[in-house]
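# Structure at a glance
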Amino acid sequence: MTSFNRSTSRRLKKLTQIPSVWEGDRRPLSSPNQVSDSEAKGECILWVDYSQGVVRGMDVVASDTGPEAIVRTLMQAMEHPQSPARPARPQRIVVKDREIQFYLRGVLQDLDIAIDYAPELPLIDELFRGFADILDSQTPDLPPQYAQILREKAFAIWQAAPWEFLEEQQVLSIEINKWDVGTLYASVMGMLGMEYGILFYRSEDSLKQFRAAVLTDEESTEHLEEAFLKQDCLFLTFESVDETDEDEDEEDDLADLPLSEIDPTFGNIHPLEGLRSVLYDEEALVILVAIESLSRFIRDHRRQLHEDIFPTLSRRYRISLPQSEESTKSVPVTVSTMPQLAAELEEMAGFGIDDREIDNLDFQSLRDDLIPEDSFLSLGVVSWEMLDSLRKGVSYHQASEIKPVGDGLPVILIQTSRPKAKTVIERIEAAGGLRAICFNPGADPFDGDRYDLGLLQTQNGELFLFGEFLDEDPIHVEARKKWNQRCKNTKGYCGLIIAKGLTGASRGNPQLRDMMALFEGRSLSPKDLGIGTLQLMPQLKFE
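Residue numbers here run from 1 along each chain, matching the order of that chain's written sequence. Local features are withheld for residues below a pLDDT of 70 in this predicted model, meaning they are given only at 70 or higher, and side-chain atom pairs are given and counted only at 80 or more; totals for whole chains, interfaces and linings count all residues. In computing side-chain values, all of the structure's heavy atoms are included and hydrogens and water are not.

## Remarks on the sheet that holds strand 7 (residues 181-189)
In short, DSSP must find at least two bridges between two strands for them to pair. The numbering of helices and of strands both runs from the N terminus, where a helix is a DSSP run of H or I of at least 4 residues and a strand a run of E of at least 2. Read from one edge of the open sheet, eight strands run 11-10-9-8-7-6-13-12, paired in antiparallel fashion. Looking at strand neighbours, the two that pair on one side only are strand 11 (274-276) and strand 12 (314-320), the edges of this open sheet. Each neighbouring strand pair of the sheet contributes to a mean axis angle of 25°, computed without reference to strand direction. In the sheet, strand 12 pairs with strand 13 (residues 330-337) via seven bridges, with the strands oriented antiparallel. Paired with Ser314 across the bridge in strand 13 is Ser336. The contact criterion used throughout is that any non-hydrogen atoms of two residues lie within 4.5 Å. Simply put, an axis is a line fit to the C-alpha atoms, just over the touching stretch for a helix, and the angle between two N-to-C directions goes from 0 to 180 degrees. Docked against the sheet, helix 5 (residues 144-160) engages strand 8 (196-201), strand 9 (233-240) and strand 10 (262-270), running at close to 105° with respect to strand 10. Relative to the sheet, helix 8 (residues 281-305) contacts strand 6 (172-178), strand 7, strand 8, strand 9, strand 10, strand 11, strand 12 and strand 13, its axis offset from that of strand 12 by approximately 140°.

Pasting the structure below:
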């Protein structure tokens, strides 16, 4: 048995011994009426002065913590008691657990404290009854009768992963017409790999107002928080079960975690209520029906939803309700895509290029003779401070009016030898400069590989291949997610840096002095480019 150090015993014996009786015990936190779960496994340790009717020490520990914990809390009760008690040593301690009694007798034998047993501890019993009443009166996050099925439906959505092919602006309407809900407007989050979930707006106006408010001032934290709380929606989001790391590494992606480490969260946002991570009965039924109908729609139309153009689709379902007080056994629901709304939201956000530029896109053949084969290539970002220095230091600069939002300008950096870099710059200049940078899908029909093709488009409409990346390359996938988010922050602006020094000491890490040209342009999505998936032809050229 572990005992106090001699110095600790001497220190404790110096405390004034008062003629009082202390009660001590440790008990589970959950009330008898609650179903135990992973969040209710803790135990509460209490030490109270029965003579004065005050709590001297309290702590919460894991249920598998050893008996030493009750001694640690007792030491706090003696040396650092809760106010208004003063440091002291009791004459007598009473516990209702024989094991605790025998343990304390061995540990405290040098402190002249009597350790007794009693079948009842009146003051502690009263305190724990109060704790149980508080726990019983708390509203659970989900109605108990719907909690399990809601979680099952949420995991089905997680495994369907609609964010792999639906962007936030590609809204789906879910017509329910029950529980005072007409149509919900589902916006899927997660394509950028930052936050996964679905927002179910109660009105189209609420969705538009939130998008407009965010676009008005993306740099103001207070403005964004205010806009967030003015939404009118139900939500399903996903997060990691282990949230102990408060400083999340931006490279961590929830999608890389196993299902056992994913936790769905449900809730409600309303201008007059704010954020509430609790669903009441009718809200639970609404979001249950919405999730189930959405899951079926994704299952039935997954192939069409993967297309570059957001299609016009509609499907009617009858969703069965779980057994409850509801007399209705099922609800008819219609799920539809909203291409017109998606186009309106894209125009609102200023994605892609304007109609005049799109009309001028004249796709010829894809060429791969611009960028030297042995070049070093990277996707990255240039801070706004460094961008100012770069603009002044390069030999050639093609400028754009870019609002500094986010951590910097997303750039493609190509490093080659000085003579080859000079040739690349001259060819881009001769083509009128850089118009856009795009990543477009490519496929090899012979071995089944799929690629993410990096393309440069010059002002005369020519397309040049600068990189071929396997879709399954995790490093490129992560780099693309960051590229997409940064381009979204800059409203589609990005840059191309041509640098020398491939054979020198700065190979793979060009310095400012190595950078010869900066071309500022726009980022295009495959939809903007409109050329579809490029197939690898027998000549081993993407055409």
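## Examining the pattern of salt bridges
As a working rule, side chains carrying opposite charge can pair if their charged atoms are close by. What counts as a salt bridge is simple: a side-chain nitrogen of Lys or Arg found within 4 Å of a carboxyl oxygen of Asp or Glu. A full pass over the atoms with the stated rule returns 27 salt bridges. Between Asp369 and Arg367 there is a salt bridge whose closest N-O contact spans 2.9 Å. In this structure, Arg486 and Asp407 form a salt bridge, with 3.3 Å as the shortest nitrogen-oxygen distance. Of this pair, Arg486 sits in helix 13 (residues 474-489) while Asp407 is found in the loop between strand 16 (396-398) and strand 17 (409-415), placing the two residues 79 residues apart along the sequence. Exposed residues in this analysis have more than 50% of their type's maximum accessible area, buried residues have under 20%, and partly exposed residues fall in between, with area computed by a 1.4 Å probe over protein chains only. Judged by relative accessible area, which is 13%, Arg486 ranks as buried. Residue classification places Asp407 among the partly exposed residues on the basis of a relative accessible area of 41%. A network of salt bridges, in which partner residues are shared, links Arg367, Asp369, Arg427 and Glu462.

## Digging into the confidence of the model for the protein
pLDDT is a per-residue confidence score from the predictor, ranging from 0 to 100. For the protein, the mean per-residue pLDDT works out to 84, and 86% of the residues sit at or above 70. Between the elements of the protein, mean pLDDT differs from a low of 38, seen in helix 10 (residues 355-359), to a high of 95, seen in strand 6. Segment residues 32-40: pLDDT under 50, and five contacts once partners within four positions in sequence are set aside and those in other chains are kept. Below pLDDT 50 for its whole length, residues 538-543 participates in 16 contacts with residues either more than four positions away or in separate chains.

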